[in-house]
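# Notes for the structure review
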Amino acid sequence: MSRYTFSGLRKILSTKSLSNHIRMLNNSTSSTSVTNTVQSTVDSEDVKRHAKQADEWWNPSGTMKLLHTFNLLRVPFIRDGLVPPSTERKLAPLSNKSILDVGCGGGILTEALARIGANMTGIDASRELVDVAKQHSVANPKLLNHRPTYYCTTIEEHSEKFCNHYDAVVASEIIEHVTDKELFVKSCIKTLKPGGKIFITTPSRTRLAQIFIIYLSEYVCGIVPKGTHEYEKFMTPNELTFLLERNNCHVELIHGIVFNVLTNKWSFISSTDMIFAIQAVKYEAGK
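## Some points on the environment of Leu243
As for its position among the elements, Leu243 is in helix 10 (residues 237-246). For Leu243, a relative accessible area of 9% puts it in the buried group. For the pair formed by Leu243 and Glu182, sequence separation is 61 residues and the distance between their alpha carbons is 6.2 Å. The contacts of Leu243, once residues within four sequence positions are left out, are Lys181, Glu182, Val185 and Met235.

## Some points on the sheet that holds strand 6 (residues 249-260)
Strand order in the open sheet formed by eight strands is 3-2-1-4-5-8-6-7, with mixed pairing between adjacent strands. The strands lining the two open edges of the sheet, one partner per strand, are strand 3 (149-152) and strand 7 (265-269). Adjacent strand axes in the sheet meet at a mean angle of 20°, parallel and antiparallel pairs treated alike. In this sheet, strand 8 (residues 275-282) lies alongside strand 5 (residues 192-203) in antiparallel orientation, the contact comprising seven bridges. Across the sheet, residue Pro203 finds its bridge partner in strand 8, namely Ile275. Of the strands in this sheet, strand 1 (98-102), strand 4 (166-172), strand 5, strand 6 and strand 8 touch helix 8 (residues 181-191), which is tilted by about 145° from strand 5.

## Quick look at helix 9 (residues 207-220)
End to end, helix 9 covers just 16 Å across 14 residues, shorter than the expected 20 Å (1.5 Å per residue, more than 12% under). Regarding helix 9, the residues found buried are Ala209, Ile213, Ile214, Ser217 and Glu218. Buried residues of helix 9 fall within an arc of 105° about the axis and therefore sit on the same side. Seen from the open side of helix 9, the exposed residues pointing more than 90 degrees away from its buried face are Arg207 and Tyr215. Buried positions along helix 9 lie against strand 5 and strand 8. Positive backbone phi, at 70°, marks Gly222, one or two positions downstream of helix 9.

## Quick look at the side chain of Arg74
In this fold, Arg74 is placed in helix 4 (residues 65-82). It is Glu173 that comes nearest to the buried, bridge-free Arg74 among opposite-charge side chains, at 6.1 Å. Excluding anything up to four places from it in sequence, Arg74 contacts Leu67, Ile108, Leu109 and Ser172.

## Structural notes on the confidence of the model for the protein
Scored by pLDDT, the protein comes out at a mean of 87, with 86% of its residues at no less than 70. Under a pLDDT of 50 for its full length, residues 1-36 has, in the predicted model, two contacts with residues more than four places off or in other chains.

## Thoughts on the nonpolar core
Most often, soluble globular proteins have nonpolar side chains that are buried together. Counting 33 residues, the largest nonpolar core has Ile78, Leu82, Leu94, Ile99, Leu113 and Trp266 as the members making the most contacts within it. When residues of this core are traced back to their parent elements, those giving at least two are helix 4, helix 5 (108-114), strand 4, helix 9, strand 6 and strand 8. No other element matches helix 4, which puts seven residues into this core. Leaving out residues up to four positions away in the same chain, Ile78 has contacts with Leu109, Leu113, Val170 and Phe199. With 26 residues, the next largest nonpolar core counts Val169, Ile175, Phe184 and Met235 among its residues.

## Re the state of the cysteines
Enumeration over the complete set of coordinates arrives at zero disulfides. Sulfur of Cys249: no disulfide; nearest cysteine sulfur belongs to Cys188 and is 9.8 Å away.

## Side note on the pattern of salt bridges
Applying the stated rule across the entire model yields twelve salt bridges. For Glu160, the salt bridge goes to Lys190, with nearest N and O atoms at 3.0 Å. In this pair, Glu160 sits in helix 7 (residues 155-161) while Lys190 sits in helix 8, placing the two residues 30 residues apart along the sequence. Across the pair Arg246 and Glu182 runs a salt bridge whose closest N-O atoms are separated by 2.3 Å. Residue Arg246 is located in helix 10, and its partner Glu182 is located in helix 8; the two are separated by 64 residues in the primary sequence. A relative accessible area of 28% means that Glu182 is categorised as partly exposed. The structure contains a network of salt bridges with shared partners spanning Asp43, Asp46, Arg49, Glu230 and Lys233.

## Concerning helix 3 (residues 44-51)
Along helix 3, the residues classified as buried are Asp46, His50 and Ala51. The buried side chains of helix 3 occupy one side of the element, clustering within an arc of 140° when seen end-on. Two to three positions downstream of the cap, the backbone nitrogen of Glu45 sits 3.1 Å from a side-chain oxygen, assigning the N-cap of helix 3 to Asp43.

Rules used throughout
- Residues numbered from 1 in each chain as written.
- Predicted model: local features only at pLDDT ≥ 70, side-chain atom pairs only at ≥ 80, totals over all residues.
- Heavy atoms only, no water.
- Helix = DSSP H or I, 4+ residues; strand = E, 2+ residues; numbered from the N terminus.
- Buried < 20%, exposed > 50% of the residue type's maximum accessible area, 1.4 Å probe, protein only.
- Contact = heavy atoms within 4.5 Å.
- Pairing = 2+ DSSP bridges.
- Axes fitted to C-alpha atoms, helices over the stretch in contact; angles between N-to-C directions.
- Expected span 1.5 Å × (residues − 1).
- Arc of directions from axis to C-beta.
- Lys, Arg positive; Asp, Glu negative; His and termini not counted.
- Salt bridge = Lys/Arg side-chain N within 4 Å of Asp/Glu carboxyl O.
- pLDDT = per-residue confidence, 0-100.
- Core = buried A, V, L, I, M, F, W, Y, C linked by side-chain atoms within 4.5 Å.
- Disulfide = S-S within 2.5 Å.
- Polar contact = N/O pair within 3.5 Å; in protein donor to acceptor, adjacent residues only side chain to side chain.

Here it is in structure tokens:
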């Protein structure tokens, strides 16, 4: 090489040009990596909190007591949404219905729906809770020929593999725990067949709900583990309706829900100030 070439090389290396090019390359590589990764709505700290309750999940008198009693209201709600009450009742009214239970935890609702005929799939981000669900279903003689299928995954990942797959999606007491509600709703709907239905139950973002569901239930009465809920993550019925309808669904009905601590029973009411349930249907293709 000539001395002029070495001189030119020294000049290039002495400038910021090379480092700038390296920085641009690193940024480009980083962006590509993020793009290729499926986004997640999972709150990892929330998952850890719920995983700590794994040993108590199937104790009907333990910390999950309210979820067990809640089945007496939400199972008929889902059943009647898929099979009109006017239809002749059978022992397994949800036969041939494929249903996804999002945030299934240890499988309390998943098993209840499987027992009335549904082909159930449960997904949860907690490996501990999915293991509990699998172990309990294997030991349950009522599910001998109709056991649910469980996956430790997120709804975002699941929707990539099971697009337009299910007759119904259930998201009961889970949307108040996720970090990106629109992505969560969009992913749930993505797994639904056109004409399929989605059922959601969740606390309302009202001061009344904050007092009863968080302050009294968690910190005074102790009927719900402390730290289970965060008020800022609660939604209003209007907000959830907007997300569903913006993502190709029509909201068919909204019920208010209340729990009576004296009778230990859940009931539907007109007011949605505490907890509410939403039923929506995914529009058929072309509509």
